[in-house]
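One-letter residues, chain by chain:
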Amino acid sequence: IKVIKHPRAGMLNNQLIAHKADIDCLLYELDRKGKLKGKKASEIKDMLAEKESDPGSMTFGKYLKLYTERKTGLTKHTYEYTYKVLSEYENIDTISFEEITPKWLEGFDSWCQSSNNTKGLHYRNIRAVFNDAINEEITSNYPFRKFKIKKTEPKQRSLSIEELRKFWYWSVEPQQEKYHDMFKLTFLMRGINIKDLCMLTKENIRAGRIIYNRAKTGKPYSIKIEPEIQE
């Protein structure tokens, strides 16, 4: 079933997808417990109706899976990864939104062995699911009022003079020369971002300088073309 000619077709189709997925979860649960064996279709229908009347039937884990299905590409993979990791911590298909409290998140934080950056990814995904569930009036609970996502300070990754000299004069294969030159240019051009370097064209060269705006921030740069850069 798919709604086509309706001003709110997108929202209604999402609700249908969510409802079907919820029924699939209920059927799986009943089958796992052996309650479907020998049952007629009408009896199964009644069992599903009884289950759906339970206000706790939509769990956090089920909603996370439904939310993930609406995503694509790399974003979808990140939510699938979050679901996998959370499920290793606890069976999230059986816990409600109300059970995800600041204390629960702190427990996950202590248990999870990932870096703070990866934890931050999981927390942002969880927060997005809560925001969506609140918008859909699935829950009013919001644990992130008290639980704050920790910010990670970037680690110092500078090279020593010896390391830089070693890379600079490294003997490379012919197919690697282009990348070796790019490494040198990032240093000579005041640490230019690799994306900005790859986007440069002849139009960026003006009066002996390389002039460009950084793609990420729009900040302008003007760098004199020294003999080493010219080479």
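Read on for a plain summary of the structure. If you're wondering where the values come from, they're calculated on a predicted model, not measured in any experiment.

Overview of the overall build of the protein chain
Part 1 of the reasoning: In terms of helices and strands, the protein chain carries 10 helices and three strands.
Part 2 of the reasoning: The linear arrangement of helices and strands in the protein chain, starting from the amino end, is α-α-α-α-α-α-α-α-α-β-β-β-α.
Part 3 of the reasoning: For 231 residues, the compact-globule formula gives about 17 Å, and the C-alpha radius of gyration of the protein chain, at 27 Å, lies well above that figure.
Part 4 of the reasoning: Its C-alpha atoms give the protein chain principal-axis dimensions of roughly 85 × 50 × 40 Å.
Part 5 of the reasoning: Taken across its 231 residues, the protein chain has 31% of its residues classed as buried.
Part 6 of the reasoning: Considering only intrachain contacts with a sequence separation of at least 6, the fraction spanning at least 24 residues in the protein chain is 43%.
Part 7 of the reasoning: For the protein chain, the exposed surface amounts to about 16,700 Å²; the carbon and sulfur share of it is 52%.

Notes on the sheet that holds strand β2 (residues 209-213)
Part 1 of the reasoning: If you trace the three strands from one edge of the open sheet to the other, you get β1-β2-β3, paired in antiparallel fashion. Looking at strand neighbours, the two that pair on one side only are β1 (205-206) and β3 (220-224), the edges of this open sheet.
Part 2 of the reasoning: Taken together, the two bridges between β1 and β2 define a ladder with antiparallel strand orientation. For R206, the partnering residue across the bridge sits in β2 and is R209.

What about the packing of helix α4 (residues 73-89) against helix α6 (residues 116-135)?
Part 1 of the reasoning: Running from N to C, α4 and α6 cross one another at 100 degrees; their axes reach a closest spacing of 10 Å. By the angle between their axes, α4 is roughly perpendicular relative to α6. Of the residues in α6, those in contact with T78, Y79, Y81, T82, V85 and L86 of α4 are T118, L121, H122, N125, I126, A128 and V129.
Part 2 of the reasoning: Classifying every residue of the contact of α4 with α6 by side-chain character gives eight nonpolar, five polar and no charged.

Looking at the layout of surface pockets
Part 1 of the reasoning: In this structure, the largest pocket occupies an estimated 540 Å³ of space.
Part 2 of the reasoning: Lining the largest pocket are 20 residues, and of these L185, E228, I229, Q230 and E231 lie nearest its centre.
Part 3 of the reasoning: For the lining of the largest pocket, the residue count by class is 11 nonpolar, three polar and six charged.

Some remarks on the packing of aromatic side chains
Part 1 of the reasoning: Enumeration according to the criterion identifies 18 aromatic pairs in this entry.
Part 2 of the reasoning: Between the aromatic rings of Y142 and F144, the centroid separation amounts to 5.8 Å while the plane-to-plane angle is 55 degrees, which identifies the pairing as tilted. Each member of the pair, Y142 as well as F144, is classed as buried.
Part 3 of the reasoning: Through a chain of ring-to-ring contacts, three or more aromatic side chains come together here, namely F60, Y63, Y89, F97, W104, F108, W111, Y123, F130, Y142, F144 and F147.

Topic: the pattern of salt bridges
Side chains that carry opposite charge are capable of pairing whenever their charged atoms lie near each other.
Part 1 of the reasoning: Inspection of the entire model under this criterion finds six salt bridges.
Part 2 of the reasoning: D109 is paired through a salt bridge with K119; the nearest N and O atoms lie 3.9 Å apart. With D109 in helix α5 (residues 102-111) and K119 in helix α6, the pair connects residues that are 10 residues apart, well separated along the chain. Pair check on accessibility: D109 and K119 agree, each one buried.

Describing the pairing of β3
Part 1 of the reasoning: Alternating positions in β3 separate cleanly, Y221 and I223 being buried on one face and P220, S222 and K224 remaining unburied on the opposite face.
Part 2 of the reasoning: Pairing analysis gives five bridges linking β2 to β3, with the strands arranged antiparallel. Paired with Y212 across the two strands is Y221, which belongs to β3.
Part 3 of the reasoning: Between β2 and β3, which pair antiparallel and follow one another directly, the connecting turn spans six residues, one of which, G218, has a positive phi of 80 degrees.

Comments concerning the side chain of D196
Part 1 of the reasoning: Within the secondary structure layout, D196 lies in helix α9 (residues 194-199).
Part 2 of the reasoning: Of the residues examined, D196 reaches a relative accessible area of 5% and is grouped as buried.
Part 3 of the reasoning: Apart from residues no more than four positions distant in its own chain, D196 is found in contact with Y212, N213, R214 and A215.

What to know about α4
Part 1 of the reasoning: Taking 1.5 Å as the rise per residue, α4 with 17 residues should run 24 Å; its terminal C-alpha atoms sit 25 Å apart, in good agreement.
Part 2 of the reasoning: Along α4, the residues classified as buried are T78, Y79, T82, Y83, V85 and L86.
Part 3 of the reasoning: Tucked inside the fold, the buried residues of α4 contact α3 (60-69), α5 and α6.

Cut-offs and rules
- Counting restarts for each chain: residues are numbered from 1 in the order of the written sequence.
- The model is predicted, so local features are restricted to residues of pLDDT at least 70 and side-chain atom pairs to those at 80 or more, both for listing and for counting; the totals for chains, interfaces and linings are taken over all residues.
- Derived side-chain values reflect all non-hydrogen atoms in the structure, with water molecules and hydrogen atoms excluded from consideration.
- Secondary structure counts use DSSP, requiring at least four H or I residues in a row for a helix and at least two E residues in a row for a strand, with both numbered from the N terminus.
- In this treatment the radius of gyration is a C-alpha quantity, and the globule benchmark scales as 2.2 Å times the residue count to the 0.38 power.
- Buried, partly exposed and exposed residues are distinguished by accessible area as a fraction of the type maximum, computed with a 1.4 Å probe on protein chains only: under 20%, between the cut-offs, and over 50%, respectively.
- Contacts are residue-level and defined by heavy atoms, with any inter-residue pair within 4.5 Å sufficient.
- In this description, accessible areas are obtained by the Shrake-Rupley approach with a 1.4 Å probe, and a residue is regarded as covered only by the protein chains that are shown.
- Any two strands are treated as partners once DSSP identifies two or more bridges connecting them.
- Interaxial angle, 0 to 180 degrees, is taken between N-to-C directions of lines fitted to C-alpha atoms, where a helix line uses only the stretch in contact.
- Here is the rule for angles: anything less than 35 degrees is roughly parallel, anything more than 145 is roughly antiparallel, 65 through 115 is roughly perpendicular, and the remaining ranges are oblique.
- Side-chain classes follow a simple rule in which Ala, Val, Leu, Ile, Met, Phe, Trp, Tyr, Cys and Pro form the nonpolar group, Asp, Glu, Lys and Arg form the charged group, and the remainder, Gly included, forms the polar group.
- Two kinds of site are reported from a 1 Å grid over the protein atoms alone, namely cavities, where a 1.4 Å probe fits but cannot get out, and pockets, open sets with protein on both sides within 12 Å along at least five of seven lines, and residues are called lining when an atom falls within 4 Å of a point.
- Grid points are joined across faces, edges and corners, and a volume is the space filled by probe spheres set on the points.
- Within 6.5 Å between ring centres, the rings of Phe, Tyr and Trp (the latter by its six-membered ring) count as paired, and their orientation is classed by plane angle as stacked under 30 degrees, edge-to-face over 60, tilted in between.
- Salt bridge, as used here, is a side-chain nitrogen of Lys or Arg placed within 4 Å of a carboxyl oxygen of Asp or Glu.
- Helices are assigned an expected span. That span is 1.5 Å times one less than the residue count.

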